[in-house]
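# Report on the structure
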Amino acid sequence: KESRNFANKLWNAARFILMNLHEGVSDERLPEQITAMEDKWVLSKFNALAGEVTENLEHFELGIAVSKLYDFIWDVFCDWYIELAKARLSGEDPAAADDARHVLVYVMTGILKLLHPFMPFITEEIWQSMPHTGEALMVSSWPVFQETLRFDEEEVEFERVIAAIRGIRNRRSEMNVPPSKKAKLLIETPYAETFRSGIPFFQRLASASDVVVDEQVEHASDAVSIVTDSARVFIPMEELVDREKERQRLQKELAGAEKELAGVQAKLNNPGFLSKAPENVVNGERERMARITEKIEKLKASLN
């Protein structure tokens, strides 16, 4: 099942790229100038991946190699870079959109080459549908580490933006705030220039209606805060939730969880149940009680 899901992820990524190509992209060459921070970030990470996977294969560390490929494809390329590129692909700057297309094709082609020893048929099929040079993937050149594609500083800088976006999304999820609900972000950071360049990503990926970035920002005392190693992000509470409505929802959910917990406790306090029920059933109820107890603690914390 996991292999099938992974193959589907790969196919979907290829379909997205092909749907957004035009005649100007005929092979896997990169643009002459690489300027966008997110392009440098993904190219630097892929460049490092190519070197590491090659070294792993030379030492017959097949499991480590394929694990690194899986993590890069699933997380870095599909879940982040493709989402980051969508803003430029649908934007009004044709040159920036073309740069994104070239980088998408370059990285996707490189991924297929590194993955080919493990998934030869699927990778060959996808490669044949992509812009490429050569007759077959299996005889194409192997990706190698290139010093010119090493952007250590830009990689570190962009990871700061990603960490903040991830923190915001996690916090909104904990508060059950839907992605459609936009909210203002106040970002306090010593890396103001980096975060200002990432404002379009906060708007697209962190549901931001407006973004203010500075070394010191003024925020309300009841603002929701998200802290990373590079920034503090504040979101005005009133822009996220209707306080009374959210309080009522949490109280209702808490009452339901407490009622469910009382039922499980009554069952576990019943000597007849403990003596007659199979051990795995009793253990299952104990695990259920632990889960409900943890849920109640989180609901109370949210109410507070």
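Structure: above.
Okay, so let's go over this structure. Note that the structure is predicted; figures quoted are calculated from it, not measured.

## Some details on the pattern of salt bridges
Close approach of charged atoms allows side chains of opposite charge to pair. Inspection of every chain in the model, using the stated rule, returns 19 salt bridges. The salt bridge involving Lys-9 is made with Asp-79; its shortest N-O contact spans 2.9 Å. One end of the pair, Lys-9, is in helix α1 (residues 2-19); the other, Asp-79, is in helix α3 (residues 62-89), and 70 residues separate them in sequence. With relative accessibility at 23%, the residue Lys-9 sits in the partly exposed group. A relative accessible area of 30% means that Asp-79 is categorised as partly exposed. A salt bridge links Glu-188 to Arg-232, with the shortest nitrogen-to-oxygen separation between them at 2.9 Å. Taken together, the residues Glu-188 in strand β1 (residues 183-188) and Arg-232 in strand β4 (residues 232-235) connect sequence positions 44 residues apart. A relative accessible area of 12% places Glu-188 in the buried class. The exposure class of Arg-232 is partly exposed, given its relative accessible area of 37%.

## Remarks on helix α6 (residues 152-174)
Counted at 1.5 Å a residue, the expected span for α6 with its 23 residues is 33 Å, and the 33 Å between its end C-alpha atoms agrees. Residues of α6 that are buried include every one of Glu-155, Glu-157, Phe-158, Arg-160, Val-161, Ile-162, Ala-164, Ile-165, Gly-167, Ile-168 and Arg-172, and no others. Phi turns positive, to about 60°, at Asn-176, one or two residues after α6.

Definitions and limits used
- Residues numbered from 1 in each chain as written.
- Predicted model: local features only at pLDDT ≥ 70, side-chain atom pairs only at ≥ 80, totals over all residues.
- Heavy atoms only, no water.
- Salt bridge = Lys/Arg side-chain N within 4 Å of Asp/Glu carboxyl O.
- Helix = DSSP H or I, 4+ residues; strand = E, 2+ residues; numbered from the N terminus.
- Buried < 20%, exposed > 50% of the residue type's maximum accessible area, 1.4 Å probe, protein only.
- Expected span 1.5 Å × (residues − 1).

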